[in-house]
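Inside the fold
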Amino acid sequence: MSPGKQASESEAAPPIAAGARLESMRRRVRLSRLAVWTVIAASPVALAVAVASTPTTVEAAIPAKSTSVRTMAASADPEGYAQVFVSAWLRSSVDDATSAQARLAQALAPDVELPDPVAGAQSAPQSVTAVRSAQHADGQWSVTVAAQYADGSVRYYAVPVAVGGAGTSFAVTGAPGVVAGPARAEAAKSPYGVSVPDGALSSALTEFFATYLTGSGELDRYLAPGVTLSAVSPAPYTTVSVQQISAVEQAAASERVPTDGTTVRVLVQVEAQDAGGRWPLAYELTLRVRSGRWEVAALESEEPGEPGTARVGGVR
């Protein structure tokens, strides 16, 4: 064989070998996929074995791990634990360490000394509520708890809490400290700057709330097509009156009903009355014009997806 021919065949050999290796790899991948689908059809146990031996499992496990970490962080907030401790601690006394409240406080915080109140000096709080929590370091939290008393006074306590076991164990690590309450935030300017006079819109809302809160009549007649909303049951009030209506859009203040499809957002101040007195209430709604009349398209104060939520849907 001539040297030129030998050189030619020698140069061609590497591509041929590489192609053979590539084809062999492709064949193994196809066989692996076939094996996985076969065990999927066979049994869950076989599937677990196949997944464990498949290289792509490493990539699939990454999102699952991330989700687990986020869930753990969300469940680690010790607000409820601190709230229970402060409630028991304020209702206990060192002079009666065997009472139920004292034993509970000691179980939650064994190293924290019980208070020593003077008899009759101050009654136990009417309610205890966690209002704020902050994580200072890994597993170290500070929870602010508000205790409200019968005379209307409120006292705030900061409680140090340690969190362990991926959010499954808690411990109060020190005595609570009395702190100043949270500052009042500046409220944003209300978007409801248009005053709505008496007219078709106010009449529609008056009838809607009379039905929604007193149970008189059928609520569906006031709802836009596709909206689902149930009246409050049992009806909490005997009479309801609309006191004031403010809107975002100027169309809500029009003397005549606008064209079909016009949508406005309103804030409605309502006064409701029952046997116990009169109660000022407020609601945010979206209304839409159809066939020359206003209909409720959404009740914004309701939580999405919960019973009683007004949602816009298809044609009814």
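Residues numbered from 1 in each chain as written. Predicted model: local features only at pLDDT ≥ 70, side-chain atom pairs only at ≥ 80, totals over all residues. Heavy atoms only, no water.

Comments concerning the environment of E300
The following threshold applies: The secondary structure listing takes helices from DSSP runs of H or I that are at least 4 residues long and strands from runs of E that are at least 2 residues long, numbered from the N terminus. Pairs of residues are marked as contacts when any of their non-hydrogen atoms sit within 4.5 Å. Polar contacts here mean pairs of N or O atoms no more than 3.5 Å apart (in protein, one a potential hydrogen donor and the other a potential acceptor; neighbouring residues in sequence count only if both atoms are side-chain atoms).
The residue E300 is located in the segment after strand 10 (293-299) in this model. For the pair E300 and V266, spaced 34 residues apart in the sequence, the C-alpha separation amounts to 9.8 Å. The residues contacting E300, other than those within four sequence positions of it, are E284, L285 and T286. Reaching out from E300, the side chain makes a polar contact with the side chain of T286 at a distance of 2.8 Å.

Some points on the nonpolar core
Defined as follows: Grouping buried Ala, Val, Leu, Ile, Met, Phe, Trp, Tyr and Cys residues that are joined through side-chain atoms within 4.5 Å yields what is termed a nonpolar core. Only protein chains enter the area calculation, which uses a 1.4 Å probe; residues under 20% of their type maximum are buried, those over 50% are exposed, and those in between are partly exposed.
Core analysis: the largest hydrophobic core is formed by 34 residues, its most contacted members being L205, F208, F209, Y212, V266, L285 and L287. Breaking this core down by element, the ones donating at least two residues are helix 6 (200-214), strand 7 (239-247), strand 8 (263-274), strand 9 (277-290) and strand 10. By residue number, the principal contributor to this core is helix 6, which donates seven residues.

Some details on the pattern of salt bridges
Operational definition: By definition, a salt bridge exists where a carboxyl oxygen of Asp or Glu is found within 4 Å of a side-chain nitrogen of Lys or Arg.
For the structure on display, the rule yields three salt bridges. Here R293 ties to E295 by a salt bridge, and the two come within 3.0 Å at their closest N and O atoms. Of the residues examined, E295 reaches a relative accessible area of 1% and is grouped as buried. Here the salt bridges do not stand alone but share partners, grouping R290, R293 and E295 into one network.

A short note on the confidence of the model for the protein
Note the threshold: As a per-residue measure, pLDDT reflects the predictor's confidence and takes values from 0 up to 100.
When pLDDT is averaged across the protein, the result is 79; 71% of the residues are at 70 or more. In the model, residues 2-20 has pLDDT below 50 throughout and makes two contacts with residues more than four positions away in sequence or in other chains. Note that residues 31-74 has pLDDT below 50 and, in this model, eight contacts with residues that lie over four places away or in other chains.

Topic: the pairing of strand 9
Short version of the rule: For two strands to count as paired, DSSP must find a minimum of two bridges between them.
With twelve bridges connecting them, strand 8 and strand 9 associate as antiparallel partners. Looking at the pairing, V264 lines up with L287 of strand 9. Connecting strand 8 to the next strand, strand 9, in antiparallel fashion are two residues. Pairing between strand 9 and strand 10: six bridges, direction antiparallel.

Re the pairing of strand 2 (residues 140-148)
With nine bridges joining them, strand 1 (residues 127-137) and strand 2 adopt antiparallel strand pairing. Note on strand 2: the bridge partner recorded for A130 is V145. As paired strands, strand 2 and strand 3 (residues 154-164) are joined by nine bridges and run antiparallel to one another. Bridging from a neighbouring strand, S142 pairs with P160 of strand 3. In this antiparallel pair of consecutive strands, strand 2 and strand 3, the connection spans five residues, and G152 shows a positive phi of 95 degrees.

Concerning the side chain of T286
Along the polypeptide, T286 turns up in strand 9. Take T286: its relative accessible area is 11%, and that puts it in the buried class. Apart from the residues lying within four places of it in its own chain, the contact partners of T286 are T263, V264, R265, E295, V296, A297, A298 and E300.

Focus on helix 5 (residues 100-108)
One turn of the α-helix equals 3.6 residues, which is why residues spaced by three or four share an orientation. To keep it simple, the criterion reads: By arc we mean the arc of the directions from the helix axis to the C-beta atoms, nothing more.
Those residues of helix 5 that fall on the buried side of the exposure criterion are A102, A105 and L108. For helix 5, the angular spread of buried residues about the axis comes to 130 degrees, placing them on one side. In helix 5, the exposed positions angled more than 90 degrees off the buried face are occupied by A100 and A107.

Re the packing of helix 4 (residues 79-90) against helix 5
Geometrically, a packed helix pair is captured by the angle between its two axes and the distance between the axes. Note the threshold: In this analysis an axis means a line fitted to C-alpha atoms, helices contributing only their contacting stretch, and an angle means the value between N-to-C directions, from 0 to 180 degrees. In what follows, roughly perpendicular refers to angles from 65 to 115 degrees, roughly parallel to angles under 35, roughly antiparallel to angles over 145, and oblique to any angle outside these ranges. Note on convention: near helix rotated counterclockwise from far helix by under a right angle means a left-handed crossing. Clockwise means right-handed. Note that Gly is not counted as nonpolar here; it falls among the polar residues with everything else outside the nonpolar set of Ala, Val, Leu, Ile, Met, Phe, Trp, Tyr, Cys and Pro and the charged set of Asp, Glu, Lys and Arg.
Here helix 4 crosses helix 5 at 140 degrees, and the two axes come no closer than 8 Å. Taken together, the axes of helix 4 and helix 5 are oblique relative to one another. Considering how the two elements wind past one another, helix 4 and helix 5 form a crossing that is left-handed. Contacts between helix 4 and helix 5 involve Y81, V84, F85, S87, A88 and W89 on the former and, on the latter, Q101, L104, A105 and L108. Residue classes in the contact of helix 4 with helix 5 are distributed as eight nonpolar, two polar and no charged.

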